[in-house]
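What follows is each chain in one-letter form.
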Amino acid sequence: MRELRVTPIKNGTVIDHIPAGLALKVLKILGIGDSVTSTVTVTMHVPSRAMGWKDIVKVEDRELGSREIDKIALIAPTATVNVIRNYNVAEKRRVTLPDRAVGILRCANPNCISNVREPIESEFMVRSKNPLRVVCKYCDRELEEIVAHIV
Amino acid sequence: MSDFQGRDVLSIRELTKSDIQLVLKTAKKMVPIAVGTRRSRALEGRILATLFFEPSTRTRLSFESAMARLGGRVLGFSGTEGTSVQKGETLADTIRMVEAYSDVIVLRHPQEGAARLAAEFTEKPVINAGDGAGQHPTQTLLDLYTIWDEKGAFQGQNVTLVGDLKYGRTVHSLTYALAELGAHLTFVSPPTLEMPREILEHVKERGLTFRTAHRLEEVIRDADVLYVTRIQRERFPDPQEYESIAGSYRVDEAILRDAKRGLIIMHPLPRLTEIAPEVDRTKHAVYFKQASNAVPVRMALLDLILGGAE
């Protein structure tokens, strides 16, 4: 049964062990939307021995760079990334949380200068990794509900 | 050349203990010039731009006075009426323009983080003169100067902060700075307006002890410095509740009966009813002196940043 749902891909990237329910946010972080030219498979709520339930994202014909991948760590620190070449796992990587998140999150403070029309990107500093705590570089406020503020 | 030359002053937390001490000592030397008994041309030929996107008369005038006392010149605006800002110019563009006209920029802006943004768009040093509910580091420096000048030290002093400790940015910045400088802190507020938890944790991490209380009577006899702030009406939906709560934190002669002889009372001003006028006549009242300390402290910063000759 499981093989039917999670079919192998020839070339591309498989992001596994995403916390259940966050697959679409992962796509959002990776900037995978209408403009994508290859097949993207999203499998949600898959049984997992380690996690109970998990999501999986597969992006065909695209190898994600480590900078892109690390952004995922903001919401899915458990995720693993497999680079697939010719049906084989060519590389297996864990995501590592960057020290800064640039242009990924929106500040929750409506009066923050990063929320008005200025030629800047939002920027958050990671103050603690576990639990994840990020602080806006501009207004210095901690961002609560990180997932809800992904751009 | 000091570490300050060309440096931005955006938040008090970016200043180390020795930075703060340098500003205070320099400010002390500036006093004769600030009061006009000595002349200085240390910043002759230098230009300060004061960009006040919202009015703040005291802050702006004390910066302008500070620059003028050092022989420098000032240009700028207060309020955005009639400026390109009203036409929709971004802050980034305004800063890039002003960079060409001045040597140092003082910015007051209604939005948090504005000064940091400004500093990213100019090579010229930026001094944050208040960004919304965010930072106002020069206010903190003049508060620190007042404590140091009156008491001679920070360590061993019991600094008691009273009023709205939850939303008041002045008390937050002052707490961070005093935690570096080693004062003993006491926080007095209504239960709904207590000092935020993360700030208390920071004080603890610095290895300092502090005390919290809801009633001023409980702690007044131990205070060396009483820093009073306004409790704002809009924090309380019920006007009667506001009156009764604000009233219970009022500093008057009666409550000062238990105070130490050397207690000093500070307030960032303007005050409403939180300090009774009768207190003005006592030796405890230093809030007007505190306000006048704005000039030597801002002179010190300008001089250190621009590398004047003094």
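Everything numeric here is computed off the predicted structure, so don't read it as measured data.

Student: What exactly am I supposed to notice about the overall build of chain A here?
Tutor: When its secondary structure is counted, chain A shows 3 helices and 8 strands. Taken from N to C terminus, the helices and strands of chain A fall in the order α-β-α-β-β-α-β-β-β-β-β. Its C-alpha atoms give chain A a radius of gyration of 16 Å, near enough to 15 Å, the size a compact globule of 151 residues would have. Taken over the C-alpha atoms alone, chain A extends approximately 50 × 30 × 25 Å along its principal axes. Here chain A holds 151 residues, and 30% of them are scored as buried. Contacts in chain A between residues far apart in sequence, at least 24 positions, make up 62% of those at least 6 positions apart.

Student: Quick question: what am I supposed to make of the interface of chain B and chain A here?
Tutor: Note: interface size is frequently given as the accessible area lost on complex formation between the parts. Each partner contributes residues to the interface: chain B has 11 residues there, and chain A has 15 residues. For the side of chain B that touches chain A, the elements supplying multiple residues, two or more each, are α3 (91-99) and α4 (114-120) of chain B. For the side of chain B that touches chain A, the element with the most residues is α4 of chain B, which contributes 3 residues. Residue composition of the side of chain B that touches chain A, grouped by class: 4 nonpolar, 5 polar and 2 charged.

Student: Honestly, the packing of helix α5 (residues 137-151) of chain B against helix α12 (residues 294-306) of chain B in this entry has me stumped. Any pointers?
Tutor: When two helices pack together, their arrangement is given by the angle between the helix axes and the distance between those axes. All names here are of chain B. At a minimum axis separation of 9 Å, α5 and α12 run at an interaxial angle of 120 degrees. Handedness of the crossing formed by α5 with α12: right-handed. Packed against α5, whose contacting residues are Thr138, Leu141, Leu142 and Tyr145, the element α12 presents Ala294, Val297, Arg298 and Leu301 at the interface. Across the contact of α5 with α12, the residue classes break down as 6 nonpolar, 1 polar and 1 charged.

Student: For this particular structure, what's the right way to read the confidence of the model for chain B?
Tutor: Any residue range with low pLDDT should be treated as having predicted coordinates unsuitable for detailed reading. Scored by pLDDT, chain B comes out at a mean of 94, with 98% of its residues at no less than 70. Reported confidences for the modelled complex are a pTM of 0.89 and an ipTM of 0.88.

Thresholds applied
- Residues numbered from 1 in each chain as written.
- Chains lettered and ligands numbered in written order.
- Predicted model: local features only at pLDDT ≥ 70, side-chain atom pairs only at ≥ 80, totals over all residues.
- Helix = DSSP H or I, 4+ residues; strand = E, 2+ residues; numbered from the N terminus.
- Rg over C-alpha atoms; globule rule 2.2 N^0.38 Å.
- Buried ≥ 20, exposed ≤ 12 C-beta atoms within 10 Å, placed from the backbone.
- Contact = placed C-beta atoms within 7 Å.
- Nonpolar A, V, L, I, M, F, W, Y, C, P; charged D, E, K, R; others polar.
- Axes fitted to C-alpha atoms, helices over the stretch in contact; angles between N-to-C directions.
- Left-handed = near helix turned anticlockwise from the far one by under 90°.
- pLDDT = per-residue confidence, 0-100.

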